Amino acid sequence: MEIINRRQRIFSISRKFRREDKKVGFVPTMGALHAGHLKLVEECRQRSDVTIVSIFVNPAQFNDKADLEKYPRDLTQDAAMLAELGVDYIYAPDVEEIYPPGFSTYVDVEGLTDVMEGASRPGHFRGVATVVTILFNTIRPDIAFFGQKDAQQVAVIERLTRDLGFEMEISVMPTVREASGLAMSSRNERLSEDGRQKAVVLINALREAKKAFKNGERNAADLAQIVKAAVQEEPSAELDYVAIVDRETLQPIEKIGDSEALIAAAIKIDDIRLIDNVILNRKQ
Ligand code: PAF
């Protein structure tokens, strides 16, 4: 496994493999790897000839400077995990390599980014869309892997891939969960033991709504109410939002029809923001 810092070098390596007709798989990360990331990497290994993982804590997607500073960074530990999984290359650029002096081009995916997570984190998805575009354009993978936990990020990346004409597949892997059901996230490390147990209220509330859907409930307001009531039962959890939206367009839905829909929610516990979602009418 080789760790590469330079954009030009990872670009050349990837181009060489593509010319040899090798399938280049890519997993973008910000490091602090957990079982959710490792699942993406394993899938990438199985479905590609060459696996590239990027580790870059992207300042453009943090609207809170303190959050950026607090973000855990341990390249040595991350690299050891990735080596064990047989990753071929880690791309770990410095900030100036991605955003050189004078950088002034950003990618805005209109209509998908100011709702849900975007409402609480202004500019977040602009930062995500910009860095992902830079990474896609540098690596030009055949396939890139993302986790369903970040459902809005998935919708944004699927749209930008289509709109900007990247010739590649976006593969979305199911959310990896702790035994309790809590979705894997680097933020879980910041929860107290007690908070970690209480955080399970989020997925339980979403699952309750999904069960009601399976039992015939189609009214989005009623499904949202089920989530709200279930979260309220945990006094230390504060609900930020619950949204019932089309999975691709993120447009709110009043009555669930036949297309794929998301019930997505965010809560705060121990002052840590946690998100999760369930999909209704899953097609595959
Ligand atoms: O999901 C993440 O870790 C980040 O948002 C991503 C996709 C690596 C972009 O910085």
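Scroll up to find the structure.
Nothing here was measured: the structure is a model prediction, and the numbers come from that model.

Here we come to the site of the ligand. All residues in the neighbourhood of the ligand are listed as Pro28, Thr29, Met30, Asn58, Gln61, Val128, Val131, Phe146 and Gln153. In the model, an oxygen atom of the ligand is placed 2.6 Å from a nitrogen or oxygen of the Gln61 side chain. For the ligand, the accessible surface in isolation is 290 Å², of which the surrounding protein chains cover 88%. Breaking the shell around the ligand down by element, the ones donating at least two residues are strand E2 (24-29) and helix H7 (124-139).

For any pair of aromatic rings, the description consists of the separation of the ring centres together with the inter-plane angle of the planes. This model, assessed by the stated rule, comprises eight aromatic pairs. Their ring planes at 85° and their centres at 4.9 Å tell us that Tyr99 and Phe103 sit as a pair that is edge-to-face. Taking relative accessible area as the criterion, Tyr99 reaches 12% and is therefore assigned buried. Cluster of aromatic residues (ring-pair linked, three or more members): Phe26, Phe136, Phe146 and Phe166. In this structure, Lys16 packs its charged tip against the face of Phe17, placed 4.2 Å from the ring centre. The lysine or arginine in question, Arg126, covers the ring of Tyr106, its NZ or CZ lying 4.1 Å from the ring centre.

Among the structural elements, Ser48 can be located in the loop between helix H2 (35-47) and strand E3 (50-55). Overall, the relative accessible area of 10% leaves Ser48 in the buried class. A distance of 2.6 Å separates a polar atom in the side chain of Ser48 from the backbone oxygen of Cys44. Each residue touching Ser48, except ones within four places of it in the same chain, is listed here: Lys23, Val24, Gly25, Ile143 and Phe145.

Rules of the game
- Residues numbered from 1 in each chain as written.
- Predicted model: local features only at pLDDT ≥ 70, side-chain atom pairs only at ≥ 80, totals over all residues.
- Heavy atoms only, no water.
- Near = heavy atom within 4 Å.
- Polar contact = N/O pair within 3.5 Å; in protein donor to acceptor, adjacent residues only side chain to side chain.
- Areas by Shrake-Rupley, 256 points an atom, 1.4 Å probe, with all protein chains shown as cover.
- Helix = DSSP H or I, 4+ residues; strand = E, 2+ residues; numbered from the N terminus.
- Phe/Tyr/Trp six-rings, centres within 6.5 Å; stacked < 30°, edge-to-face > 60°.
- Buried < 20%, exposed > 50% of the residue type's maximum accessible area, 1.4 Å probe, protein only.
- Lys NZ or Arg CZ within 6 Å of the ring centre and 35° of its normal.
- Contact = heavy atoms within 4.5 Å.

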